[in-house]
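As a plain string of letters, each chain reads:
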Amino acid sequence: MSMTIDTTDGTGAETPTVPAVEPSRRRKGLPRRKTAAVPPIGAELIRPKRRGRRRKWVAAGLAVVLLAGGGTAWALTRGGTTAAAPTSRTITDTISTGSVSKSVQASGTVEAANVADLTFPSAGTVSSVKVTVGETVTKGQALASINPTSLSLAVNSAQASYNQAAAQLSSAQANLAADNSAMATLRATPTTSTGSTGATGATGATGTSGTTATTTAAQLATEEQNEQVQIDSADAQIAGDESSLSGAQDKLNSAQADLAGATITAPIAGVVSAVNVSVGDSVSGSGSGGSGGAGSHGTGSSAVSPSSSTSSSAAVEVVNMKAWVVNATVSGADLDSIKVGQEATITTTGSSTPVFGTVASVGVTASSSSGGAAQFPVTINVTGDPTTLHPGDTATVAITTQQLNNVLTVPTAALSQNSSGQTVVSKLVNGAPQQVVVTLGASYGQQTVVTSGLASGDQVQFTITGLAGRTGTARTGTGTGRTGTGTGRTGTGTGTGTGAGTTGGFGGFGGGGFAGGAG
């Protein structure tokens, strides 16, 4: 019995028939017949001539089928990435004079330069609120008020106290003036003295002695001493009265300020950014003696107790939308290079239009840290009146720390060294490149200052080399199943299997093998 295996490889070419093991010799104990080694698929094979009767094969030849299946040919396109070759391009640049600069990068937040946090200086009940958030106000415009009745009474009382203190001082000053006048009189009074013996008169009589003053020196000294005590007392009284009058003046001023502060007015022109009181709310005074202040976020805020909630913010806040600052931070490594007055370019998040400013202050104490590195505060005053800024905008800032004007520069990429270690560029002379030795100044990133060797208008040529993007192809595999046929002792069976790739290739062999063994 024999089994024929069709090893068609899918191209129409037929591969050699593979002989199977002859089992009949095994059963009889005969020596095993030597068989030729199975050649690889596609190799040229010389078929042996058939001798004698037709050999019988058994289905055990399936093992050969599987062995032959292991040699199925495959067409495989190996995929993967393909490294692209380096690419280069030659650039010609015309040398010219211009400006170069170095800068430090910082980040920060935009804030209004002038924010007025306005509070009521005294306690009271809110009687009116005249503005809403977002409303534009002018300097001096009334914003909100509390009931002024008690404040008016306080002014009247303070005024009365002041008047009384002023009267006391006036009386003390009058007393002092009288004492000083009495003292002057005493000092002008002559003291008592005894006259000398008179001269002999015409009748020969002797003259008598006479008194030229009515007060003795001792009496006058005592009176002056008493008067000085009164003067000293008057001086002390005046000092006390002056102090009382000053205190009364302060109280009157405060009461008058409280009364004036019963109505909050805008100290700056701007936009109302917060209103934290409503009519009927009770407020506790800030004690500042005024209606608020303007500055870097004002001078303070009062404790406000609205009827429905409690707030610690100002009663009304007004922001000047025409003056801005950027509160930024820089690292310690950059701190020494930043000075007051340096120019800065500011770009807010979401905007492509920069605004400009100057460094107003540089902090020397770290205000925060980033990744373990200390950050120092830097304030930049924005120049002009940009309309694109808003309080709270985040911004990146480039602070110019060094700038040179009217200098000759060359692209840094055009620089190279010759065999002598000199810095050279490839200068075009009559259209042909020629190496020229140059002397360099400071380097500013992509540009380097040239101090000699080139002139404005010269052209230099240089090549930039880079890698193109990598390309890749998908890995693909193809395979064609072989067709196998077999003939049994009493019958025949045929199996066919085809497929793409690995499954199809082995499927064909499997079908042929089992068909032969079914007889």
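Numbering of residues begins from 1 in every chain and follows the order in which that chain's sequence is written. Local features in this predicted model are restricted to residues whose pLDDT is 70 or higher, and side-chain atom pairs enter the listing and the counts only when it is 80 or higher, whereas totals over whole chains, interfaces and linings include all residues. For side-chain calculations, the full set of non-hydrogen atoms in the structure is used, while hydrogens and water are omitted.

### Some words on the overall build of the protein
Here comes step 1: A count of helical and extended segments in the protein gives six helices and 30 strands.
Here comes step 2: Buried residues are those whose accessible area, probed at 1.4 Å on protein chains only, stays under 20% of the maximum for their type, while exposed residues exceed 50% and partly exposed ones sit between those limits. Evaluated residue by residue, the protein yields a buried proportion of 30% over its 519 residues.
Here comes step 3: We call two residues in contact when some of their heavy atoms are within 4.5 Å. Within the protein, counting contacts between residues at least 6 apart in sequence, those at least 24 apart form 75% of the total.
Here comes step 4: Carbon and sulfur atoms make up 51% of the accessible area of the protein, which amounts to about 29600 Å² in all. Strands are runs of DSSP state E lasting at least two residues, helices are runs of H or I lasting at least four, and both sets are numbered from the N terminus onward. Values of accessible area rely on a 1.4 Å probe in the Shrake-Rupley scheme; residue burial ignores everything except the protein chains shown.

### Here we look at the environment of S416
Here comes step 1: Here S416 is to be found in strand 21 (residues 416-417).
Here comes step 2: For S416, a relative accessible area of 38% puts it in the partly exposed group.
Here comes step 3: In this structure the C-alpha to C-alpha distance between S416 and Q435, which are 19 residues apart in sequence, comes to 9.7 Å.
Here comes step 4: With sequence-adjacent residues up to four places away left out, S416 is seen in contact with Q422, T423 and V424.

### Focus on the nonpolar core
Here comes step 1: The biggest cluster of nonpolar side chains holds 24 residues, and the ones touching the most others in it are V326, V330, I346, I380 and V397.
Here comes step 2: Of all the elements in the fold, those that place two or more residues in this core are strand 4 (96-112), strand 15 (324-331), strand 16 (343-348), strand 17 (355-362), strand 19 (373-382) and strand 20 (394-411).
Here comes step 3: When near neighbours in sequence (up to four residues on either side) are disregarded, V326 contacts G108, T109, V110, I346, V378, T379, I380, V382 and V397. We define a nonpolar core as any set of buried Ala, Val, Leu, Ile, Met, Phe, Trp, Tyr and Cys residues linked to one another through side-chain atoms lying within 4.5 Å.

### Concerning the packing of aromatic side chains
Here comes step 1: Only rings of Phe, Tyr and Trp enter the pairing, Trp through its six-membered ring, and a pair is recorded when the two centres are within 6.5 Å. The plane angle decides the type: under 30 degrees is stacked, over 60 is edge-to-face, the rest tilted. All chains considered together, the criterion is met by zero aromatic pairs.
Here comes step 2: In this analysis the charged atom, NZ for Lys or CZ for Arg, is taken to sit over a ring once it is within 6 Å of the ring centre and within 35 degrees of the ring normal. The ring of Y444 has K102 lying over it, and the distance from NZ or CZ to the ring centre is 5.5 Å.

### Description of the packing of helix 3 (residues 149-188) against helix 4 (residues 217-260)
Here comes step 1: At a closest axis distance of 7 Å, the pairing of helix 3 and helix 4 adopts a crossing angle of 165°. Looking at the two axes, helix 3 sits roughly antiparallel to helix 4. In terms of crossing hand, the pair formed by helix 3 and helix 4 is left-handed.
Here comes step 2: Its residues assigned to classes, the contact of helix 3 with helix 4 comprises 22 nonpolar, 13 polar and ten charged. All axes are obtained by fitting lines to C-alpha atoms, using only the stretch in contact for helices, and the reported angles, taken between N-to-C directions, cover 0 to 180 degrees. Angles are sorted into four bins: roughly parallel if under 35 degrees, roughly antiparallel if over 145, roughly perpendicular if 65 to 115, and oblique for all others. Take the far helix as the reference: if the near one is turned anticlockwise from it by less than a right angle, the crossing is left-handed, and if turned clockwise, right-handed. Residue type decides the class: Asp, Glu, Lys and Arg count as charged, Ala, Val, Leu, Ile, Met, Phe, Trp, Tyr, Cys and Pro as nonpolar, and the leftover types, Gly among them, as polar.

### Section: the pattern of salt bridges
Here comes step 1: Salt bridge, as used here: a side-chain nitrogen of Lys or Arg that lies within 4 Å of a carboxyl oxygen of Asp or Glu. All chains considered together, the criterion is met by two salt bridges.
Here comes step 2: With a closest N to O distance of 3.6 Å, K322 and D385 form a salt bridge. Pair noted here: K322 is in the loop between strand 14 (316-319) and strand 15 and D385 is in the loop between strand 19 and strand 20, with a separation of 63 residues, a long-range link.
Here comes step 3: Take K322: its relative accessible area is 57%, and that puts it in the exposed class.
Here comes step 4: Among the residues examined, D385 registers a relative accessible area of 39% and is labelled partly exposed.

### Quick look at the side chain of T348
Here comes step 1: Looking at the secondary structure, you find T348 in strand 16.
Here comes step 2: Given the relative accessible area of 9%, T348 is considered buried.
Here comes step 3: When near neighbours in sequence (up to four residues on either side) are disregarded, T348 contacts V110, L389, D393, T394 and A395.

### Focus on helix 4
Here comes step 1: To estimate the expected span of a helix, subtract one from its residue number and multiply by 1.5 Å. In this model helix 4 runs 63 Å from its N-terminal to its C-terminal C-alpha over 44 residues, within 8% of the 64 Å that 1.5 Å per residue would give.
Here comes step 2: Looking at helix 4, one finds that the buried residues are L220, E227, I231, A234, I238, D241, L245, A248, L252, A255 and D258.
Here comes step 3: Contacts made by the buried residues of helix 4 are with helix 3.

### Section: unusual backbone geometry
Here comes step 1: The backbone of N406 sits at a positive phi, close to 55°, despite the residue not being glycine.
Here comes step 2: Unlike most non-glycine residues, N430 shows phi in positive territory, near 55°.
Here comes step 3: Looking at the element boundaries, N430 is found in the loop between strand 22 (423-429) and strand 23 (432-437).
Here comes step 4: Judged by its relative accessible area of 83%, N430 falls in the exposed class.

### Quick look at the side chain of E227
Here comes step 1: Here E227 shows up in helix 4.
Here comes step 2: In this tally, Asp and Glu contribute negative charge and Lys and Arg positive charge; neither His nor the terminal groups of the chain are included. It turns out E227 is buried and unbridged, and the closest side chain with the opposite charge, R187, is 10 Å from it.
Here comes step 3: Excluding residues within four positions of it along the chain, E227 makes contact with D179, A182, M183 and L186.

### Some points on the pairing of strand 14
Here comes step 1: Following DSSP output, two strands are said to pair if at least two bridges run between them. Bridge count between strand 5 (residues 115-118) and strand 14: four bridges; the pairing is antiparallel. Across the sheet, the residue bridging to L118 is V316, located in strand 14.
Here comes step 2: Two elements, strand 10 (residues 270-275) and strand 14, share four bridges in a ladder whose sense is antiparallel. Within strand 14, the residue paired with V271 across the bridge is V319.

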